[in-house]
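What follows is the residue order along each chain.
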Amino acid sequence: MATLSIHFDPAVIARLVSASGDDAIHVTLSLGEGPASAQTAPAIPQGPLAGLMRAGLLEPGTVLTFRQRRANRLGRAVVTAEGQLVVDGHSSPFPSPSKAAEAVTGNVINGWTLWRTPDGSTLDQLRQELDAE
């Protein structure tokens, strides 16, 4: 009898846990060739967030948020192992904090100062911490 194993990236699990009834979750499955295919190489962070991730200042699966009170707007994104951001309501990840913020706000905006980690730090603060090391 065949066995089916499904492995999810931590960002996918975080998204599933926080999904509401109105969220659309897209999952892609592919068939592998035996046990060797279940062993995938770890993702290597790329792009603007890669340095923060390599330094351990930002982990895959971290939920980033922002709140713009005047515009009555909230944003939520999950960091992927590849260093991209999956924004609620969007099926494709964004390569930079600013592009992810723009997808939520509809305006060109500095995502480094907008997105906050669960402890309240901005991505810009994490970047400054990295530069100080």
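Residues numbered from 1 in each chain as written. Predicted model: local features only at pLDDT ≥ 70, side-chain atom pairs only at ≥ 80, totals over all residues. Heavy atoms only, no water.

Engineer: Looking at this structure, how should I read the packing of aromatic side chains?
Structural biologist: Aromatic ring pairs are defined here through the distance separating the ring centres and the angle between the ring planes. For the structure shown, the criterion picks out one aromatic pair. A centroid spacing of 4.8 Å and a plane angle of 75° characterise the contact between phenylalanine 66 and tryptophan 115, whose relative ring orientation is edge-to-face. Placement of the pair is phenylalanine 66 in strand β1 (residues 63-68) and tryptophan 115 in the loop between α5 (111-114) and α6 (123-132), with a sequence separation of 49 residues. Among the residues examined, phenylalanine 66 registers a relative accessible area of 4% and is labelled buried. When its relative accessible area of 0% is taken as the criterion, tryptophan 115 is described as buried. (Phe/Tyr/Trp six-rings, centres within 6.5 Å; stacked < 30°, edge-to-face > 60°. Helix = DSSP H or I, 4+ residues; strand = E, 2+ residues; numbered from the N terminus. Buried < 20%, exposed > 50% of the residue type's maximum accessible area, 1.4 Å probe, protein only.)

Engineer: What's the story with the pairing of strand β2 (residues 73-79) in this structure? I'm lost.
Structural biologist: The side chains of a regular strand alternate between the sheet's two faces. The element β2 is extensively covered by neighbouring structure, given that five of its seven residues are classed as buried. Counting the residues that bridge the hairpin from β1 to β2 gives four residues, and of these asparagine 72 lies at a positive phi of roughly 50°. Pairing analysis gives three bridges linking β2 to strand β3 (residues 85-87), with the strands arranged antiparallel. By the bridge assignment for β3, valine 79 is matched with leucine 85. The antiparallel pairing of β2 with β3 creates a hairpin that spans five residues between the two strands, and glycine 83 there sits at a positive phi of about 90°. (Pairing = 2+ DSSP bridges.)

Engineer: Can you walk me through the sheet that holds β3 in this structure?
Structural biologist: Each strand in a sheet pairs with its neighbour through backbone hydrogen bonds, running either in the same direction (parallel) or in the opposite one (antiparallel). With respect to topology, three strands assemble into an open sheet ordered β1-β2-β3, the strand pairing being antiparallel. Of all strands in the sheet, those with a lone pairing partner are β1 and β3, marking the two edges. For this sheet, the mean inter-axis angle between neighbouring strands, taken without regard to orientation, is 25°. (Axes fitted to C-alpha atoms, helices over the stretch in contact; angles between N-to-C directions.)

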